[in-house]
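# Report on the structure
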Amino acid sequence: FLVRGPLYLVASSSCGDTVPYLSRQLAALHAQLLSVLTSKVEEVFARNAGFDLRSLLGGTDRALQRMLRGATSSPSLLLQAPPAMRAPPALR
């Protein structure tokens, strides 16, 4: 679980991911949500705490899902490190 203001983010894993790893995924998801949404979201939740956020995402849910799926194949999230950059053999 990750609680950030009015948002409750929940993760589960069927492949044995650790709790710290899932927490990092949720934190990354929260950061992505903040980049998509505006500060008006706080006002919407203040008026209606049960508001369904999906309607404000406008189709970005697929991009969020791709981000989370990509995190499973990239060790940078797990290691809390910048992603590796590919370099041509001549520059290595």
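Rules used throughout
Residues numbered from 1 in each chain as written. Predicted model: local features only at pLDDT ≥ 70, side-chain atom pairs only at ≥ 80, totals over all residues. Heavy atoms only, no water. Helix = DSSP H or I, 4+ residues; strand = E, 2+ residues; numbered from the N terminus. Rg over C-alpha atoms; globule rule 2.2 N^0.38 Å. Buried < 20%, exposed > 50% of the residue type's maximum accessible area, 1.4 Å probe, protein only. Contact = heavy atoms within 4.5 Å. Areas by Shrake-Rupley, 256 points an atom, 1.4 Å probe, with all protein chains shown as cover. Core = buried A, V, L, I, M, F, W, Y, C linked by side-chain atoms within 4.5 Å. 1 Å grid on protein atoms, 1.4 Å probe; cavity = no way out; pocket = protein on both sides within 12 Å on 5 of 7 lines; lining within 4 Å. Points joined across faces, edges and corners; volume = space filled by probe spheres on them. Nonpolar A, V, L, I, M, F, W, Y, C, P; charged D, E, K, R; others polar. Expected span 1.5 Å × (residues − 1). pLDDT = per-residue confidence, 0-100.

Our next topic: the overall build of the protein. Per the secondary structure count, the protein includes five helices and two strands. Listing the helices and strands of the protein from first to last along the sequence gives β-β-α-α-α-α-α. The C-alpha atoms of the protein give a radius of gyration of 16 Å, which is well past the 12 Å a tight globule of 92 residues would have. Each principal axis of the C-alpha atoms in the protein carries an extent, and together these give about 60 × 30 × 20 Å. Looking at the protein as a whole, 21% of its 92 residues qualify as buried. Within the protein, residue pairs in contact and separated by at least 24 positions form 53% of the contacts whose partners lie at least 6 positions apart. Surface accessibility of the protein: about 7000 Å² in total, with carbon and sulfur atoms responsible for 59%.

This part is about the nonpolar core. Of all hydrophobic cores here, the largest spans 12 residues; its members are Leu2, Leu7, Leu9, Leu26, Leu29, Leu33, Leu37, Val41, Phe45, Leu53, Leu57 and Leu64. If we skip the residues at most four places from it in the chain, Val41 touches Leu53 and Leu56.

Counted as a void, the largest pocket has a volume near 320 Å³. Elements supplying a minimum of two residues to the lining of the largest pocket: strand E2 (7-9), helix H1 (19-36), helix H3 (54-57) and helix H4 (61-73). It is H4 that provides the largest number of residues to the lining of the largest pocket, a total of four residues. Tallied by class, the residues present in the lining of the largest pocket amount to 11 nonpolar, one polar and three charged. Approximately 260 Å³ is the volume found for the second largest pocket. For the second largest pocket, the lining is made up of 13 residues, of which Ala11, Ser12, Leu22, Gln25 and Leu68 are closest to its centre. Broken down by secondary-structure element, the contributors of at least two residues to the lining of the second largest pocket are E2, H1 and H4. The dominant element in the lining of the second largest pocket, judged by the number of residues it contributes, is H1, at four residues. Of the residues that constitute the lining of the second largest pocket, the class distribution is eight nonpolar, four polar and one charged.

With 18 residues, H1 ought to run about 26 Å at 1.5 Å a step, and its terminal C-alpha atoms sit 26 Å apart, in line with that. Those residues of H1 that sit buried are Tyr21, Leu22, Arg24, Gln25, Leu26, Leu29, His30 and Leu33.

This part is about the environment of Ser12. Structurally, the position occupied by Ser12 is in the loop between E2 and H1. Taking the C-alpha atoms as reference points, Ser12 and Leu79, separated by 67 residues in sequence, lie 19 Å from one another.

Summing up the model confidence of the protein, the mean pLDDT is 78 and the portion of residues at 70 or higher is 91%. Taking the mean pLDDT of every element in the protein, the minimum, 68, falls on helix H5 (residues 75-79) and the maximum, 85, on strand E1 (residues 2-4).

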